[in-house]
Amino acid sequence: MATRKDPDPLATYNSKRDFAATSEPSGEVSSGSGDLFIVQKHDASRLHWDLRLEIDGVLKSWAVTKGPSPDPDIKRLAVRTEDHPMSYASFEGTIPKGEYGGGTVMLWDRGTWAPVEGKSASDLKKGHLHFILAGTRMKGEWLLVRLKPKSSEKRENWLLRKLYDAHAEPGNALVERALTSIETGRSMAQIASGSSTRAGDLVGKSGLGEPGAGKSEKAPSARRSAQLPKFRKPQLATLANDVPAGNQWLHEIKFDGYRILVAAKGSKVRAYTRSGKDWTDKFAPLVKDIAQLNLPSCLIDGEIVAPGRDGNPSFSALQKILKRGRSAQGMADTLQLHAFDLLELDGEDLTGLSLIERKERLEALLKGAGPALMVTEHIIGAGEKLLRTMCDAGQEGIICKRIDGRYRHARSKDWLKVKCIRRQEFVIVGAKRSAARGRPFASLLVAQHEAGELTYKGNIGTGFGGDDFDELASKLNRLSRKTAPLEVPKAKARGVDWVTPKLVAEIAFAEFTADGLVRHGSYLGLRKDKPAKTVRSEKAIAVPKGKDAVVISSADRVIFPDSGQTKGKLADYYRAIAPIMLPFVGDRPISLVRCPQGRARKCFFQKHDSGGFGDAVETVAIQEKDGGMEDYLCISDRRGLLQCVQMGTIEFHGWGARSDDVELPTRMVFDLDPDESLDFEAIKSAARDVRDRLADIGLVSFAMVTGGKGIHVVVPLDPGHDWDTHKDFSRRFAQALSLAEPDRFTASMSKTKRKGRIFIDWLRNQRGSTAILPYSARARAGAPVAAPVAWNELKGLADARPYTIDDAKILIDRAQGKSLQGWSFAPQSLPDI
């Protein structure tokens with residue numbers, strides 16, 4: 001354990017408590033060294049769970065909101081609190097109201113803890129702790145990660161996350177089923193009442209249980225100092241195509257209802273729309289329920305929804321209720337206010353606080369409010385998994401919000417909305433005539449092939465621009481025909497000009513209806529890379545059963561339009577190539593190039609975890625320049641490779657260090673990036689010269705064609721030097737070459753200085769930079785791959801992309817040949833020059 005330099009680590013603990021009023025123990029730093037951990041369930045201003053680890057003779061403590069979850073996809077906010085004395089490990093009881101932390105405390109779990117092998121408690125100073133718990137309830141591997149600190153924030157926000165192991169399980173079952181003390185067997189209600197009876201003795205007798213299981217607690221009396229808040233313009237979200245990754249984002253359900261700001265003070269309540277209209281009368285029964293809570297002066301931001309028949313929020317159900325009016329029976333029971341932000345409380349403007357602090361105050365304010373008024377749940381990270389869940393449930397999408405964001409009364413990129421819009425190809429079979437002047441058609445009739453026949457899929461009437469109308473009108477006229485090429489309902493066939501089914505359009509849509517028709521379809525453009533006869537409804541297929549089984553959806557989607565390879569073909573490549581690729585990609589931080597709609601559409605670079613990849617895509621916590629910790633992606637097996645492909649990944653890029661110690665680089669890469677005027681012969685010659693200069697100083701190197709236009713010269717290294725040394729050596733080597741042959745080489749990335757020269761890119765050798773990994777596919781025309789080559793093979797290569805994803809067998813056979821045996825493996829260290 002690390003040595004504590006603080007002479008009085010319990011000074012803060014003791015200063016916050018009046019030990020004449022509270023039964024909490026005062027204490028001194030223990031002289032021993034142990035491995036105890038406890039968790040105390042604490043019902044104070046808000047319910048939370050206090051995780052405490054014995055380190056340096058005290059209990060290091062974190063307040064975990066919502067309790068620890070055994071689900072690796074769920075990260076819990078854990079706010080660092082003051083150190084507690086070891087004597088606190090046996091405390092269970094009630095802290096008087098008005099005292100610091102006033103409320104009920106339960107001994108919820110206890111056991112031992114230990115850092116994982118190779119780690120220590122001193123890692124806390126770096127902003128992370130990877131540890132193993134052996135408790136009654138919490139078991140296995142866990143991770144604490146500190147979020148990016150803010151200069152204006154006094155507290156430390158961390159995240160607590162379960163890692164995948166035998167003790168992981170989905171959901172929040174750990175706190176849902178563990179309702180009693182491990183010490184006395186009492187419930188929170190029994191501890192609060194001072195009862196010494198165990199909870200099990202009262203089952204079926206008194207109905208005692210957790211707070212909230214019965215009647216809600218009485219709300220606090222409204223304070224009289226502040227006035228009823230006035231309407232304030234709400235913060236709005238910006239539409240985004242992708243879910244942001246990283247621990248700095250939390251994700252909420254995007255409700256299909258009406259945005260409402262509720263101003264309340266005691267019995268006075270007003271409800272305003274996002275534009276400031278007073279709709280208090282429209283929601284009168286719900287407003288009455290809020291008034292009965294007797295809230296202090298506050299301004300709450302939220303969404304009013306009504307559940308449909310399936311229990312999910314339904315906009316049509318909400319509209320029906322509003323049409324019936326305030327006299328509608330049961331309206332208060334049907335309508336729900338999902339509160340997600342708090343702008344004012346008792347006259348205090350909270351908009352300058354971080355989002356996570358505002359939500360915590362909101363939860364404390366609405367504690368025990370009842371089913372009609374609830375705080376919107378959120379998850380930190382794992383946004384893509386939440387989005388997929390919402391889309392599968394037929395919901396609208398999700399809202400992604402920066403944890404540290406302040407409330408802005410405008411549209412902001414701190415709030416993003418990602419909608420459940422699906423995209424597929426459809427065949428155009430007709431166009432409905434338009435009554436509008438200058439518009440050649442009102443909508444397109446589209447179809448897909450099912451069971452060998454062209455099947456009507458609906459009308460598309462939105463998404464067209466002026467150029468689209470001109471382009472489509474010309475093409476449709478040339479394909480005009482008198483009869484329908486398929487069966488279409490009579491009502492849909494009126495006023496339609498039919499066309500021969502040859503044009504393929506890409507359509508974005510919300511879902512297929514029960515009748516198999518497109519709902520909320522929007523035209524995106526024509527697809528010229530796919531024949532109409534191949535357009536079928538996309539359905540998920542599974543790879544062969546076994547430990548590597550991964551469902552690859554939309555496997556027939558063409559993601560390399562110039563050469564025709566599909567998502568399924570890419571998955572087949574990575575499935576086959578995994579044995580020879582994993583030694584290079586496995587167990588190191590990686591970044592992905594994801595192209596969900598194919599390489600010709602929008603692609604993006606991702607290095608942080610966003611959730612939803614699957615159980616085989618792991619994470620490693622890495623400290624960033626700003627001092628915060630982020631979860632970087634990491635895989636170790638074929639299943640992980642395929643789960644990345646399922647999420648639209650084409651390229652894999654890796655750090656120059658392994659995951660077990662990211663501060664010790666083991667791989668140096670010189671990327672030879674040529675000016676466009678140079679041919680491949682010049683690059684090959686340069687690569688050999690770099691090899692020779694490295695050999696002159698005692699370093700063995702290897703060649704890899706990148707699948708693009710250049711060559712990587714790879715230098716494997718034993719760990720033992722830091723990133724500063726690594727970067728400095730590569731920089732000085734590149735500069736020495738450029739000084740020796742300034743007409744051939746440059747060590748500057750400037751385009752002007754690269755003219756007629758080869759840029760020796762040494763910048764990939766700094767902490768956090770990545771390079772394309774061996775055998776990775778490239779998001780380029782023809783689906784090329786980065787491939788290791790022997791030095792004597794370079795002479796016969798015409799370019800840097802001799803292999804594609806169609807050549808998996810060739811690459812596997814080559815890797816087993818003599819020329820590539822031991823490629824990129826050599827025991828050597830940086831010379832001292």
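Scroll up for the structure.
What counts as what
- Residues numbered from 1 in each chain as written.
- Predicted model: local features only at pLDDT ≥ 70, side-chain atom pairs only at ≥ 80, totals over all residues.
- Heavy atoms only, no water.
- 1 Å grid on protein atoms, 1.4 Å probe; cavity = no way out; pocket = protein on both sides within 12 Å on 5 of 7 lines; lining within 4 Å.
- Points joined across faces, edges and corners; volume = space filled by probe spheres on them.
- Helix = DSSP H or I, 4+ residues; strand = E, 2+ residues; numbered from the N terminus.
- Nonpolar A, V, L, I, M, F, W, Y, C, P; charged D, E, K, R; others polar.
- Buried < 20%, exposed > 50% of the residue type's maximum accessible area, 1.4 Å probe, protein only.
- Polar contact = N/O pair within 3.5 Å; in protein donor to acceptor, adjacent residues only side chain to side chain.
- Contact = heavy atoms within 4.5 Å.
- Patch = residues over 30% accessible without salt bridge, like charges linked within 9 Å, V, L, I, M, F, W, Y side chains within 5 Å.
- Areas by Shrake-Rupley, 256 points an atom, 1.4 Å probe, with all protein chains shown as cover.
- Salt bridge = Lys/Arg side-chain N within 4 Å of Asp/Glu carboxyl O.
- Lys, Arg positive; Asp, Glu negative; His and termini not counted.
- Charge placed at Lys NZ, Arg CZ, Asp CG, Glu CD.
- Pairing = 2+ DSSP bridges.
- Disulfide = S-S within 2.5 Å.
- Core = buried A, V, L, I, M, F, W, Y, C linked by side-chain atoms within 4.5 Å.
- Axes fitted to C-alpha atoms, helices over the stretch in contact; angles between N-to-C directions.
- Parallel < 35°, antiparallel > 145°, perpendicular 65-115°, else oblique.
- Phe/Tyr/Trp six-rings, centres within 6.5 Å; stacked < 30°, edge-to-face > 60°.
- Lys NZ or Arg CZ within 6 Å of the ring centre and 35° of its normal.

### Topic: the layout of surface pockets
Part 1 of the argument: Of the voids in this model, the largest pocket is the one considered here, and its volume is about 1700 Å³.
Part 2 of the argument: Forming the boundary of the largest pocket are 49 residues, of which Ile421, Arg422, Arg557, Pro596 and Gln597 lie nearest the centre.
Part 3 of the argument: Those elements that provide at least two residues to the lining of the largest pocket are α8 (383-392), β20 (411-419), β21 (422-432) and α12 (638-646).
Part 4 of the argument: Ranked by residues supplied to the lining of the largest pocket, first place goes to α8 with six residues.
Part 5 of the argument: Residue composition of the lining of the largest pocket, by class: 18 nonpolar, 11 polar and 20 charged.

### Focus on the side chain of Glu344
Part 1 of the argument: Structurally, Glu344 is set in strand β15 (residues 336-345).
Part 2 of the argument: For Glu344, a relative accessible area of 15% translates into the label buried.
Part 3 of the argument: Engagement of the side chain of Glu344 in a polar contact is seen with the side chain of Arg232, the distance being 3.2 Å.
Part 4 of the argument: Those residues in contact with Glu344 that sit more than four places away from it in its chain are Pro229, Arg232, Ser297, Cys298, Leu299 and Leu350.

### Section: a negative patch on the surface
Part 1 of the argument: Side chains of Asp587, Glu618, Asp660 and Asp661 sit close together on the surface and give a patch of like negative charge.
Part 2 of the argument: Among the structural elements, Asp661 can be located in the loop between β38 (649-654) and β39 (667-674).

### Notes on the pairing of strand β4 (residues 75-84)
Part 1 of the argument: When you tally the buried positions in β4, you get eight out of 10 residues, the bulk of the element.
Part 2 of the argument: One ladder, built from five bridges, connects strand β3 (residues 58-65) with β4; its direction is antiparallel. Counterpart to Ser61 in the pairing with β4 is Thr81.
Part 3 of the argument: For β4 and strand β9 (residues 157-162), the ladder comprises five bridges, and the chain directions are antiparallel. Bridge pairing in β9 links Ala78 to Trp158.

### Brief notes about the state of the cysteines
Part 1 of the argument: All chains considered together, the criterion is met by two disulfides.
Part 2 of the argument: There is a disulfide in this structure between Cys391 and Cys420, and the S-S distance comes to 2.2 Å. With the S-S bond torsion at -95°, the cross-link from Cys391 to Cys420 turns out left-handed. On the criterion of sequence distance, the pair formed by Cys391 in helix α8 and Cys420 in the loop between β20 and β21 is long-range, its members being 29 residues apart.
Part 3 of the argument: Relative accessible area serves as the criterion here: at 16%, Cys391 is assigned to the buried category.
Part 4 of the argument: Here Cys595 pairs with Cys603 through a disulfide, and the sulfurs are 2.1 Å apart. The disulfide joining Cys595 to Cys603 has a torsion of about 115° about its S-S bond and is therefore right-handed.
Part 5 of the argument: Here the bonded cysteines of the protein chain are numbered in sequence order, and their pairing is 1-2, 3-4.

### Considering the sheet that holds strand β45 (residues 787-789)
Part 1 of the argument: Strands sit in the order β42-β43-β39-β41-β40-β45 across an open sheet of six strands; the sheet is mixed. A single partner strand is all that each edge strand has here, and the edge strands are β42 (745-746) and β45.

### A few points about helix α7 (residues 355-365)
Part 1 of the argument: Most of α7 sits inside the fold, with nine of its 11 residues counted as buried.
Part 2 of the argument: For α7, the full list of buried residues reads Leu355, Ile356, Glu357, Arg358, Lys359, Glu360, Leu362, Glu363 and Leu365.

### Looking at the pattern of salt bridges
Part 1 of the argument: Scanning all chains against the criterion turns up 53 salt bridges.
Part 2 of the argument: Salt-bridge contacts for Glu92 lead to Arg186; the nearest nitrogen and oxygen are separated by 3.0 Å. One end of the pair, Glu92, is in the loop between β4 and β5 (93-95); the other, Arg186, is in the loop between α2 (173-177) and α3 (188-193), with 94 residues separating them in the sequence. For the residue pair Glu92 and Arg186, the accessibility class agrees, reading buried in each case.
Part 3 of the argument: Between Glu169 and Arg177 there is a salt bridge whose closest N-O contact spans 2.8 Å.

### Thoughts on the environment of Lys432
Part 1 of the argument: By the element assignment, Lys432 lies in strand β21.
Part 2 of the argument: Once the C-alpha coordinates of Lys432 and Arg494 are considered, the two residues, 62 residues apart in sequence, prove to be 7.9 Å apart.
Part 3 of the argument: Beyond its immediate stretch of four places on either side in the chain, Lys432 contacts Phe441, Ala442, Ser443, Leu445, Asn459, Lys492, Arg494, Gly495 and Val496.

### Comments concerning the nonpolar core
Part 1 of the argument: Ranked by size, the top nonpolar core spans 82 residues in total, and within it Tyr573, Tyr574, Phe652, Phe670 and Leu672 carry the most contacts.
Part 2 of the argument: Examining the composition of this core, we find that 11 residues originate from one element, helix α11 (residues 567-585), more than from any other.
Part 3 of the argument: With 32 residues, the next largest nonpolar core counts Phe283, Leu286, Leu350 and Leu362 among its residues.

### Side note on the packing of α11 against helix α16 (residues 808-815)
Part 1 of the argument: Close contact between α11 and α16 brings their axes to 9 Å; oriented N to C, the two are set at 5°. Comparing the axis directions of α11 and α16 gives the class roughly parallel. Contacts between α11 and α16 involve Tyr573, Ala576, Ile577 and Ile580 on the former and, on the latter, Ala808, Leu811, Ile812 and Ala815.
Part 2 of the argument: Residues that form the contact of α11 with α16 fall into these classes: eight nonpolar, no polar and no charged.

### Topic: unusual backbone geometry
Part 1 of the argument: Although it is not a glycine, Asp346 adopts a positive phi angle of roughly 50°.
Part 2 of the argument: Counting through the fold element by element, Asp346 comes out in the loop between β15 and β16 (348-349).
Part 3 of the argument: By relative accessible area, Asp346 is classed as buried at 19%.
Part 4 of the argument: One non-glycine residue, His520, lies in positive phi territory at about 55°.
Part 5 of the argument: Since its relative accessible area comes to 55%, His520 is described here as exposed.

### Examining the packing of aromatic side chains
Part 1 of the argument: The tally for this structure, following the rule as stated, stands at 26 aromatic pairs.
Part 2 of the argument: Relative to Trp415, the ring of Phe340 has its centre 6.2 Å away and its plane inclined at 80°; by these criteria the two rings are edge-to-face. Of this pair, Phe340 sits in strand β15 while Trp415 sits in strand β20, and the two are 75 residues apart along the sequence. Here the two residues Phe340 and Trp415 agree in accessibility, since each one is buried.
Part 3 of the argument: On the numbers, 5.1 Å between centres and 45° between planes, the contact of Phe670 with Phe733 is tilted. A residue pair is termed long-range when its members are at least 10 positions apart, and Phe670 in strand β39 and Phe733 in helix α14 (residues 723-740) qualify at 63 residues. We note that Phe670, like Phe733, is buried.
Part 4 of the argument: Site record: aromatic cluster; members linked through ring pairs are Tyr13, Phe19, Tyr88 and Phe91.
Part 5 of the argument: If you follow Lys282 out to its NZ or CZ, it ends over the ring of Trp279, 5.0 Å from the centre.
Part 6 of the argument: The residue whose ring lies beneath Arg402 is Trp249, and the NZ or CZ to ring-centre distance is 5.4 Å.

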